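# Overview (structure and organization)
Residue strings, one per chain:
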Amino acid sequence: MSNNPYNLLVDYFDDIYPFDEYEKTMSSIKKEIEKSFPDKDIKLLDLGCGTGRSLRLFKSERFKLIGLDNSSLMLEKAKRNLSDFEIDAELINQDVIKLDSLGLEPQDCVTILGATIHHFDKDQRNKIIKAVYSILSKQGIFILDIAKHEEHTKFKEIFKKGCQNIYRIIEPGISYLPTAEYNGCAILQFKKIIKRENKDIVIFYHYFYFKDYFRQIIYIIETENGQHKKTIYVPMTAYYIDKETIFDELKKAGFKVIKTIKTDYRLTEFIMAKKSF
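Let me begin by describing the structure that accompanies this report. (Residues numbered from 1 in each chain as written. Predicted model: local features only at pLDDT ≥ 70, side-chain atom pairs only at ≥ 80, totals over all residues. Heavy atoms only, no water.)

### Notes on the sheet that holds strand E11 (residues 255–262)
Strand order in the open sheet formed by seven strands is E3-E2-E1-E4-E5-E12-E11, with mixed pairing between adjacent strands. Whereas interior strands pair on both sides, the edge strands pair on one side only; in this sheet they are strand E3 (89–93) and E11. Direction aside, the axes of adjacent strands within the sheet are offset by 20° on average. Where helix H3 (residues 22–36) meets the sheet, it contacts strand E1 (42–47), strand E2 (63–69), strand E4 (107–112), strand E5 (136–147), E11 and strand E12 (268–275), and its direction lies at approximately 10° from that of E12. Sitting on the sheet, helix H6 (residues 122–135) touches E1, E4, E5, E11 and E12, and the angle it makes with E5 is about 150°. (Pairing = 2+ DSSP bridges. Helix = DSSP H or I, 4+ residues; strand = E, 2+ residues; numbered from the N terminus. Axes fitted to C-alpha atoms, helices over the stretch in contact; angles between N-to-C directions. Contact = heavy atoms within 4.5 Å.)

### Thoughts on the packing of H6 against helix H8 (residues 243–253)
Running from N to C, H6 and H8 cross one another at 45°; their axes reach a closest spacing of 9 Å. By the angle between their directions, the pair H6 and H8 is classed as oblique. Read as a crossing pair, H6 and H8 show a hand that is right-handed. For the pair H6 and H8, the contacting residues are Lys-122, Arg-125, Asn-126, Ile-129, Lys-130 and Tyr-133 in the first and Thr-245, Ile-246, Glu-249, Leu-250 and Ala-253 in the second. Here the contact of H6 with H8 is composed, by residue class, of five nonpolar, two polar and four charged. (Parallel < 35°, antiparallel > 145°, perpendicular 65-115°, else oblique. Left-handed = near helix turned anticlockwise from the far one by under 90°. Nonpolar A, V, L, I, M, F, W, Y, C, P; charged D, E, K, R; others polar.)

### Comments concerning the nonpolar core
Formed by 28 residues in total, the largest nonpolar core has its most connected members in Leu-47, Val-132, Phe-142, Leu-144, Leu-250 and Phe-255. At the level of elements, E1, E2, E4, H6, E5, H8 and E12 are the ones that each hand at least two residues to this core. Residue contributions to this core peak at six residues, all from H6. The contacts of Phe-255, once residues within four sequence positions are left out, are Ile-129, Val-132, Tyr-133, Leu-136, Phe-142, Leu-250, Ala-273, Lys-274, Lys-275 and Ser-276. If you look at the next biggest cluster of nonpolar residues, it comprises 25 residues, including Tyr-22, Phe-63, Cys-109 and Phe-270. (Core = buried A, V, L, I, M, F, W, Y, C linked by side-chain atoms within 4.5 Å. Buried < 20%, exposed > 50% of the residue type's maximum accessible area, 1.4 Å probe, protein only.)

### Some thoughts on the pairing of E5
Here E5 lies mainly inside the structure; 10 of its 12 residues are buried. In this sheet, E5 lies alongside E4 in parallel orientation, the contact comprising five bridges. Across the sheet, residue Val-110 finds its bridge partner in E5, namely Phe-142. One ladder, built from seven bridges, connects E5 with E12; its direction is antiparallel. In the sheet register, Ile-143 faces E12, and the bridge partner there is Met-272.

### Points about the pairing of strand E10 (residues 227–239)
One ladder, built from 12 bridges, connects strand E9 (residues 213–224) with E10; its direction is antiparallel. Within E10, the residue paired with Gln-216 across the bridge is Met-236. The antiparallel hairpin formed by E9 and E10 contains two residues in its connecting segment, where Asn-225 sits at a positive phi of about 55°.

### Quick word on the packing of aromatic side chains
Any aromatic ring pair is given by two values, namely how distant the centres are and how the planes are angled relative to each other. All chains considered together, the criterion is met by seven aromatic pairs. Relative to Phe-13, the ring of Tyr-6 lies with its centre 6.0 Å away and its plane at 65°, an arrangement referred to as edge-to-face. Relative accessible area serves as the criterion here: at 12%, Phe-13 is assigned to the buried category. Relative to Tyr-240, the ring of Phe-214 lies with its centre 6.0 Å away and its plane at 35°, an arrangement referred to as tilted. With Phe-214 in strand E9 and Tyr-240 in the loop between E10 and H8, this pair connects stretches of sequence that are 26 residues apart. The burial state of Phe-214 is the same as that of Tyr-240; both residues are buried. One aromatic cluster in this structure is built from Tyr-133, Phe-142 and Phe-255. Here the basic side chain of Arg-56 rests over the ring of Phe-85, its NZ or CZ set 4.6 Å away from the ring centre. The residue whose ring lies beneath Lys-275 is Tyr-133, and the NZ or CZ to ring-centre distance is 4.9 Å. (Phe/Tyr/Trp six-rings, centres within 6.5 Å; stacked < 30°, edge-to-face > 60°. Lys NZ or Arg CZ within 6 Å of the ring centre and 35° of its normal.)

### Here we look at H3
Note on helix geometry: an α-helix contains 3.6 residues per turn, so any two residues three or four positions apart are oriented the same way. Compared with the 21 Å implied by 1.5 Å per residue over 15 residues, the 21 Å span of H3 between its first and last C-alpha is a close match. Where H3 is concerned, the buried positions are Tyr-22, Thr-25, Met-26, Ile-29, Lys-30 and Ile-33. Projected down its long axis, H3 shows its buried positions confined to an angular sector of 145°, all on one face. Along H3, the residues that are exposed and aim more than 90 degrees away from the buried face are Lys-24, Lys-31 and Lys-35. (Expected span 1.5 Å × (residues − 1). Arc of directions from axis to C-beta.)

See the structure below:
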């Protein structure tokens, strides 16, 4: 269980990754899906559903929801969160790359949100896209989001500058931060402080940029009444994907891209693709 980084993040996930910026964009996407299937209930599968926040955005009697995630602890929290909002969804504990082995019935819509697609390398990504195509109903819709072009440009420029320096942006007085060394270019960014009763939880991102991917390490430093209690170290890998690449991969699998939507969320934009035959 400890090998899954999201099991380590479960108590902090909703604070680290606020989802409020998604709501306006997702509201318009929900309307697009409803227009595409005007006279039937809509079966929707959310890949990498995490704590259930994206499923919550599809609350409606018309949507029959399934959430899939490889973290059992995330799904336990999703179950509680969805219950609080009186949302009924089937939750499946399985890795996204094993989608083609689950034997699910055809879905009208499949989503993979929160830039989750970036956590899969090219081969894994193409396997997922093909599995999504296979599981979709006729004229089914696939919705995903990727980092905006300017984010990729920033990463690539950092890489071009070489790997000589480690840049640290740390609030005064912060300690307990381990030192990490990679053969890459690193940037340490202060994220936020979460306050819970007597506790202060300090979140740092440590990024190492490489040619085709970046390594993200999240440090969660928890203090109680001013005393250090614990430091959690969560490593993850994400791969660069630009729109041209993902469009090509979708087309090769049989999809037709029907719309791209810039989101209020500063890092990502949405892609809607339809099963073309």
